[in-house]
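Structural overview
Take a look at the letters that make up each chain.
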Amino acid sequence: MTEVSDREPPRRRVPGPAKPVPPRTRADRGDPHRPRSGDPHRARSGEPHRGGSGGRRPPGPGARPARRPIPPRPGPSALRLGSPRPRLRMVSLALTLVLIAFVVRLLQVQAVDASAYAAKAEQNRYVVHTLTAERGGITDRNGVSLAVSEDADDITADPTMFTRKQLGIDDGPEQAAALLAPILGQDQADLVRKLRPANKELRYVKLAGRQTPQVWKQIKDLRRALATKAQQDKSTVNVLAGVFSDPSSQRVYPNGDLAAGILGWVNAEGKGGGGIEQQLNKRLAGKDGKIRYAQSGGRQVPTAGSTETPAVPGSDIELTIDRDIQWAAQNAITKQVKKSKADRGYVIVQDTRTGEILAMANSPGFDPNDLSKADASLMGNAALQDAYEPGSTAKVMSMAAVLEEDAATPLTHVEVPNRLHRGDRLFQDDIDHETWYLTLNGVLAKSSNIGTILATGQLGKTQPAANQVLYSYLRKFGIGSYTGLGFPGETKGILAAPGDWSTSQQYTIPFGQGVSINALQAASVYSTIANGGVRIEPTLVRGERGADGRFAPAPQPEKTRVVSAKTAKTLAQMLESVVDDEQGTGAKARIPGYRVAGKTGTANRVDPATGKYRGYTSSFAGFAPADNPRVTVYCAIQNATSGSYFGGQICGPIYKEVMEFALKTLQVPPTGAKAANLPVTYKP
C-alpha cells in the first residue's frame, strides 16, 4: 500500500528581490543528496524521495527526499528597488505643513479677523437707498393745482458691475455711457466718470434724477435686448446690467408759464430753485426716508429681510392768488408788452381788505416745465425784483402827507406856472401850458409836478423840515422796506435819508423821481388808502396742509395805520377825479357802472445796463369800487418803444380789463352811489 504524503504542494513564488545565494562547498558539490543550508526545497522528514534521471526509486525507510533543481543566481546586471518609507515620510510631512497653514489661516479668518471680514461682507452685501419724500403740491386759493408731483424714476447704477471682473471687458463704462447719453440727454464723459468713480467700492450712483417713466422704459427695453443677445451670442456683453431705477417724482406745472414768477421751479437735485418752491422748500420737500436691504448681482434678496424708515411727504401750500384772475392779468400785460415792444411789464392784483395778493403777473415769463428753453434773465419775479422810479403814481403819498398834516385841503387853490425854479433846476410839467389855476384835487387829477412841489413845500417851515415830514410818510407806506413776503430776490427799493437828499431830490421825490420801488410796494400804497389808511402787509400764502391732512392757516399779517380814515376817504375821492373828470389823465380806466379811483404815472427810466436815463416807466394804479374798495390793481410797463408811452394810454386799458375781470370773479356789485365830483380848477 502506497504511503500518502501530508506535505503541502509547493507554492508558486512571487518574484521578488533576489537574495544572495551563499557559495556551495566542496562537500555540497560532492553529495547531491545532501540538503543545502537555507534551501527552501529541502526535504521534510517522511517525504518521499525522488531519484535522478535514471527513473524513480520508491522511497524506502530512512531514504532522503530528492532535491529540487537549484534556481539560477541573478546575474551582475539585476536592479535592486529602494525602500518606499523615506518618500512616504516626506509626503506626509508636506501634507502636514499644508494642513497646518490652512488651520492657521482658518483661525485668522474665523477668530482674529472675523469681525473685520464680517463688516466688509455686510458692506458689500447690504445696500442703503434714500426714499425720496413726495413733494407737496401748490394750489391757488380755490384749491386749483398750480404745481404737482408725478411719478418718475431716478436712473441709478452700481459701478462695481461695470468693471472688467464683472463684464470681462475694459471699456464697460464707455459702452454703457454711449448707450445712455442720448436717452438721458447727458454728456457721455460725465456718465463715464459716474460709472468709473474714484472710490472703487462705491455701489450706488445716480445717473439722472426725476426722469419720466418713458425714459426708464427705453433703458429697460435696451437692457433686456442686450441680455437676450448675450444669451444667444457669448461674445456679446450686457453692459447695462448694472443700471437700475429708483421710484421718484418729477415736478409738473399744469398751467405752463402761468404764475411762473411766483411758483419758481425745482432743480435737478429736487430742491426749489426760485419763487415759492425755493422760499418754502423745507415745507414742500418733506423728510426723506431710507431703506436697507441685502442684494446680490444688483438685485434685492427677498428672503434676507430689510429695514425701512418711511419718507414723510411734504406739506401742500395754498396760495392767496386766484388762478383765473392771474390768467387775466398775465394775458393783458403780455399783449400790451408785445404791442408796445417794451422790455417788460407787471400787474399786481390785491385784496384791499386782507392784503392778499390775487395775482402777480410778469411778461415776458418762462415755462418751468422746460427750463432748457428759458431765458435766465426772465426766471425771476420782476414785479418784486425790479427797482425803478415810480413817477406820478407816487404823488398820492405826497398828497396823503399834505392832507394828514392839515397843510391843505382838496379845495385849496394852487397856482401852477409853466416853469418853476427850485434849487439848481427849472421844473416843468409833462406838457407846456399857461398858468394853471388848480385846486389841490386838480393838482392830483392833472398830475402836475409843479403843483406837487408847491403843495409839499407846505409840510414844514423850511425845505429840510418839509423833507423830513415827507420822508416819514414814505416810510410808513413801506417805501425803502421789504414788503414782508420774504420772497427770494425781492428788492426793498431805494429811499435815501432826507439828510442825504440832493438839491434836486428835495423837489423830485414828491412826484416820484429820485426814489425807487418795486411793483408790489406801489400796489400796497393804494391798498392802504383803499383800506381806510391802514397798511396790511401783503401776503402770498394762505396756509399749508400737512401730511396729517390738517390745514394750518398762515399767521395774520401785520397792520399799521399810516393815515386817518378821513384822509384816506378824501384821497379816494380825489383819485376818482383822475378817472372821471374830463380834465383827468386816467379816462381810459373807466369801468361802466363802477366808481373807480386811480392815478397815472409816466417816469423817466434808468436803464439798468448804462445807469443813465433812457426811455420811460409807464404805470397806472387804483382801486374799485372807489367808495367801498375791494380790489387794487397796479400795472407798469418798462421802456415802451412803439406807440404811446404815457401811463394813462397804455396801462389805463390794462387796469380796466383786469379790474373788470376781478370784480366779476369776486362778484363785487357796483355801489350805485354818486361820485363826489370834487372841483379840479378855480377861477382866479
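Since this is a predicted model, take the numbers as computed values, not measurements. (Residues numbered from 1 in each chain as written. Predicted model: local features only at pLDDT ≥ 70, side-chain atom pairs only at ≥ 80, totals over all residues. Heavy atoms only, no water.)

**Describing the packing of aromatic side chains**
Think of a pair of aromatic rings as described by two things: how far the centres are apart, and how the planes are tilted against each other in angle. One pass over the structure, following the stated rule, counts 10 aromatic pairs. A ring pair is formed by Tyr 645 and Phe 646, whose centres lie 4.8 Å apart and whose planes are at 25 degrees; its orientation type is stacked. We classify Tyr 645 as partly exposed; its relative accessible area is 27%. Since its relative accessible area comes to 34%, Phe 646 is described here as partly exposed. Stacked on the ring of Trp 436, the Lys or Arg Lys 446 has its end atom at 4.6 Å from the ring centre. (Phe/Tyr/Trp six-rings, centres within 6.5 Å; stacked < 30°, edge-to-face > 60°. Buried < 20%, exposed > 50% of the residue type's maximum accessible area, 1.4 Å probe, protein only. Lys NZ or Arg CZ within 6 Å of the ring centre and 35° of its normal.)

**What to know about the packing of helix 5 (residues 172-184) against helix 6 (residues 188-195)**
Here helix 5 crosses helix 6 at 130 degrees, and the two axes come no closer than 8 Å. One element, helix 5, and the other, helix 6, form an angle in the oblique class. Viewed along their axes, helix 5 and helix 6 form a crossing whose handedness is right-handed. Mapping the contact onto sequence places Pro 173, Glu 174, Ala 176, Ala 177, Ala 178, Leu 180, Ala 181 and Leu 184 in helix 5 and Gln 188, Leu 191, Val 192 and Leu 195 in helix 6. Taken together, the residues of the contact of helix 5 with helix 6 break down into 10 nonpolar, one polar and one charged. (Axes fitted to C-alpha atoms, helices over the stretch in contact; angles between N-to-C directions. Helix = DSSP H or I, 4+ residues; strand = E, 2+ residues; numbered from the N terminus. Parallel < 35°, antiparallel > 145°, perpendicular 65-115°, else oblique. Left-handed = near helix turned anticlockwise from the far one by under 90°. Contact = heavy atoms within 4.5 Å. Nonpolar A, V, L, I, M, F, W, Y, C, P; charged D, E, K, R; others polar.)

**Focus on the nonpolar core**
Grouped together as the largest cluster of nonpolar side chains are 91 residues, with contacts concentrated most on Leu 319, Met 360 and Tyr 634. Mapped onto the domain boundaries, this core takes at least three residues apiece from domain 1 (131-315) and domain 2 (325-366 + 385-666). Not counting residues up to four positions away in its chain, the partners in contact with Tyr 634 are Tyr 346, Val 347, Ile 348, Tyr 388, Thr 393, Ala 519, Ala 522, Ala 523, Ser 619, Phe 620 and Ala 621. Core analysis: the second largest hydrophobic core is formed by 32 residues, Leu 358, Ala 359, Val 596 and Cys 635 among them. (Core = buried A, V, L, I, M, F, W, Y, C linked by side-chain atoms within 4.5 Å. Domains from an automatic or database assignment.)

**What about the packing of helix 11 (residues 323-340) against helix 21 (residues 652-665)?**
At their nearest, the axes of helix 11 and helix 21 sit 10 Å apart, and the two run at 170 degrees to each other. By the angle between their directions, the pair helix 11 and helix 21 is classed as roughly antiparallel. Considering how the two elements wind past one another, helix 11 and helix 21 form a crossing that is right-handed. Here helix 11 contributes Asp 324, Ile 325, Ala 328, Ala 329, Asn 331, Ala 332, Ile 333, Lys 335 and Gln 336 to the contact with helix 21, which in turn contributes Ile 654, Glu 657, Val 658, Phe 661, Ala 662 and Thr 665. Its residues assigned to classes, the contact of helix 11 with helix 21 comprises nine nonpolar, three polar and three charged.

**Here we look at the side chain of Thr 439**
Here Thr 439 lies in strand 17 (residues 436-439). Owing to a relative accessible area of 2%, Thr 439 belongs among the buried residues under this scheme. Looking at Thr 439, its side chain comes within polar contact range of the main-chain nitrogen of Gly 442, at 2.9 Å. Side-chain polar atoms of Thr 439 contact the backbone oxygen of Pro 679, separated by 2.8 Å. Residues contacting Thr 439, with those up to four places away along its chain left out, are Pro 410, Leu 411, Thr 412, Pro 679, Val 680, Thr 681 and Tyr 682. (Polar contact = N/O pair within 3.5 Å; in protein donor to acceptor, adjacent residues only side chain to side chain.)

**Overview of the sheet that holds strand 13 (residues 357-363)**
Spatially, 13-12-24-23-22 is the arrangement adopted by the five strands of the open sheet, whose pairing is antiparallel. A strand with exactly one partner marks an edge of an open sheet, and here the two such strands are strand 13 and strand 22 (597-606). Neighbour to neighbour, the strand axes of the sheet diverge by 10 degrees on average, direction disregarded. Bridging between strand 12 (residues 344-351) and strand 13 involves six bridges; their strand directions are antiparallel. Note on strand 13: the bridge partner recorded for Gln 350 is Ile 357. Each of strand 12, strand 13 and strand 24 (631-638) is contacted by helix 11, which is oriented at about 25 degrees to strand 13, the strand it contacts most. (Pairing = 2+ DSSP bridges.)

**Description of the pattern of salt bridges**
Evaluation of the coordinates by the stated rule reveals 25 salt bridges. For Arg 196, the salt bridge goes to Glu 174, with nearest N and O atoms at 2.6 Å. Highlighted residues: Arg 196 in the loop between helix 6 and strand 4 (205-211) and Glu 174 in helix 5, separated in sequence by 22 residues. By relative accessible area, Glu 174 is classed as partly exposed at 29%. Residues Asp 343 and Arg 605 are paired through a salt bridge, measuring 3.2 Å at the closest nitrogen-oxygen approach. One end of the pair, Asp 343, is in the loop between helix 11 and strand 12; the other, Arg 605, is in strand 22, and 262 residues separate them in sequence. Connected through salt bridges with shared partners, the residues Arg 141, Glu 318, Glu 356 and Arg 542 form a single ionic network. (Salt bridge = Lys/Arg side-chain N within 4 Å of Asp/Glu carboxyl O.)

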